[in-house]
Amino acid sequence: MRSIELKILLPFLFILVIAIATVGITSYVGSSRILHDLMSKFPASSSHINEDFVTQRLFDLQKYTILVAIIAILASCQLTIFFTYSIAMPIKKFVAACNELANGNFNIEVKYKSNDEIGILRDAFNTMAKKLKSYIDDVLRLKELNQKILNGINYGIVLFSNDHTVLFTNNTANKLFKSSPLLAEWVNNFIENYENTVIPPKGVIKWPPQESNFRYIEYEITPAGENYILCFSDITEEEKLKQNMEHINRLVFIGEMSAALAHEIRNPLQGIQACFQVLESSFPNEEDETKSELYRAIYREIDRINRIITNLLQFARPSDPIPEKVSFARIMNEIKPFITSLLKEKALKLQCSIPEYDELYIDPNHLKQILMNLITNAIRASKNGGSINISLSLTQDDEVILCIKDEGIGIPAQNLNKIFTPFFTTFPGGNGLGLCVVQSLTLKNRGRIWIESTENRGTSVYLAFPAYLHNHTFARR
Ligand SMILES: Nc1ncnc2c1ncn2[C@@H]1O[C@H](COP(=O)(O)OP(=O)(O)OP(=O)(O)O)[C@@H](O)[C@H]1O
Ligand SMILES: [Mg+2]
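Treat the numbers as computed from the prediction; the structure is a model and nothing was measured. (Residues numbered from 1 in each chain as written. Chains lettered and ligands numbered in written order. Predicted model: local features only at pLDDT ≥ 70, side-chain atom pairs only at ≥ 80, totals over all residues. Heavy atoms only, no water.)

1. What about the UniProt feature "transmembrane region" (unreviewed entry) in the protein?
- UniProt tags residues 12-30 and 64-85 as "transmembrane region" (unreviewed entry).
- Spanning residues 12-30, this segment combines 100% helix with 0% strand, and its end C-alpha atoms are found 27 Å apart.
- Between the end C-alpha atoms of residues 64-85 the distance is 31 Å, and the span holds 100% helix and 0% strand. (UniProt positions renumbered as here; feature names shortened; annotations may be inferred. Helix = DSSP H or I, 4+ residues; strand = E, 2+ residues; numbered from the N terminus.)

Below is the structure:
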């Protein structure tokens, strides 16, 4: 039997039926015996007793007894049902409330009017549900706070068990995994091998260790009961920045030293040049071919030293730009005479693709120096009969992208990060200052420079500068 009502109702009814049946049977048997006794003591002819009359009265008595019994049964049934429901109803309400609690609804309240023990039980239950709700709210708030802290941390956090199952990853870890498959691979490898290999509890490692496109990963591992917490972060950009800063500091130092040195050399050099001119004019035999060749050689070398010093000073102390509206085509026309003979020497073709809108907001002298250096590099790198392409395009961000592309020897991958270092050169007779000057002038003019190159295929140097806008200011970057 599943229903509480049936459990209460059936025994009640059973007892009732038995009680009433007992009363009925007893009254029936009793009255029959009374009749029998009367008949046997008093003969049928006795005038004192009328048998039919007595039989009739007893029969009536039995009838009324049975009738009363039936009425009593019906009334008792009604009452039993009523009481059964009044006991079962609150129990059913408690059962429903408990089910709600079990399903996680802690806002439950049992509503049942009663001042007896069931009323006390109701109050106790409602208080318990309220307290439970407040505890659960506290726990949920704490959980939410923990979640926020874990997800707000700039470190990736992975919780894993000693059977290598990942139990939890925070938002940063998920993001890092998505953005860097190398990192996901490292975490997997780390978890797989944690117990087999001796891994220091914290450190910075390169991943993958043997490859050139590795990432720097900073990590710390902490045991947490039977599990481990791995905190890690991809610090590749910070590491690169740190290395760049070191590089920049070195450059600043070299620049300052070189500038001071160049300044000191320039004055005696001008003195030498002046003295040499005086000496040259005092030589009687000017027609001597060997001597003339020597004079020219000395001039060339003095001129070369002068150029190096000018470049050095330009790199170390670049003049402040005076930007103005500059037409790129006009600047190209101005520098053409200087490069024509160099192009001819190698039978190179120079192709320019300049759109109608070619106006930049830049210092024109700086732009000339930048172009001269880059075109000279492209010519030096090109094989005889090749071609050099110069193109200009305007981006949606109000930037002008300039590209100088050659089909020359290209730059080996291992040299790509050295070409902006002062005095790094692979060109015969080069000084390794051209690109440094280009980079420094580009940055001064609020531009950007980047280089793409494939060995034996050629090099493309890209420059991005603010386009000239009608308000005569630097374009929005
Ligand atoms: N277009 C290019 N193709 C191939 N290599 C290049 C190119 N441009 C630059 N490089 C490499 O970068 C190095 C540095 O160039 P940079 O212009 O700074 O110095 P340089 O040309 O050697 O000497 P300088 O310009 O001072 O006379 C070059 O020596 C060369 O190895
Ligand atoms: Mg150069």
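Structure shown, so let's carry the discussion forward.
2. Quick notes on the packing of helix α7 (residues 289-316) against helix α10 (residues 434-444)
- Taken N-terminus to C-terminus, the directions of α7 and α10 make an angle of 35 degrees; their axes are 8 Å apart at the nearest point. The way α7 lies across α10 gives a crossing that is left-handed. Residues Asn311, Gln314 and Phe315 of α7 touch α10, and the partners they reach there are Cys436, Val437, Ser440 and Leu441.
- Tallied by class, the residues present in the contact of α7 with α10 amount to 4 nonpolar, 3 polar and no charged. (Axes fitted to C-alpha atoms, helices over the stretch in contact; angles between N-to-C directions. Left-handed = near helix turned anticlockwise from the far one by under 90°. Contact = heavy atoms within 4.5 Å. Nonpolar A, V, L, I, M, F, W, Y, C, P; charged D, E, K, R; others polar.)

3. Things to note about the UniProt feature "domain: HAMP" (unreviewed entry) in the protein
- Look at the UniProt record and you will see "domain: HAMP" (unreviewed entry) annotated at residues 85-137.
- Secondary structure across residues 85-137 comprises 74% helix and 0% strand; the distance between its end C-alpha atoms is 36 Å.

4. Quick word on the packing of aromatic side chains
- A complete count under the given rule lists 10 aromatic pairs for this structure.
- With 5.4 Å between their ring centres and 65 degrees between their planes, Phe190 and Tyr219 make a pair best called edge-to-face. Of the two residues, Phe190 is situated in helix α5 (residues 181-193) and Tyr219 in strand β4 (residues 215-224); the sequence distance between them amounts to 29 residues. Accessibility assignment for this pair places Phe190 and Tyr219 in one class, buried.
- Relative to Tyr216, the ring of Phe214 has its centre 5.2 Å away and its plane inclined at 90 degrees; by these criteria the two rings are edge-to-face.
- Judged by relative accessible area, Phe214 falls into the partly exposed class, the value being 23%.
- A residue is classified by how much of its surface remains accessible, and Tyr216, at 14% relative accessible area, is buried.
- The structure contains a cluster of three or more aromatic residues connected by ring pairs, namely Phe177, Trp186, Phe190, Tyr219 and Phe232.
- A cation over a ring is seen here: Lys206 above Phe214, with NZ or CZ 4.9 Å from the ring centre. (Phe/Tyr/Trp six-rings, centres within 6.5 Å; stacked < 30°, edge-to-face > 60°. Buried < 20%, exposed > 50% of the residue type's maximum accessible area, 1.4 Å probe, protein only. Lys NZ or Arg CZ within 6 Å of the ring centre and 35° of its normal.)

5. Concerning the pattern of salt bridges
- Taken as a whole and judged by the stated rule, the model has 12 salt bridges.
- The residue Lys133 makes a salt bridge to Asp137 at a minimum N-O spacing of 2.9 Å. Taken as a pair, Lys133 and Asp137 lie in helix α3 (residues 117-152) at a separation of 4 residues, close to a single helical turn.
- Note that Arg141 and Asp138 form a salt bridge whose closest N and O atoms lie 2.5 Å from each other. On the criterion of helical spacing, the pair formed by Arg141 and Asp138 is a turn pair, its members being 3 residues apart in helix α3.
- One connected set of salt bridges, linked through shared partners, spans Arg215, Asp234 and Glu237. (Salt bridge = Lys/Arg side-chain N within 4 Å of Asp/Glu carboxyl O.)

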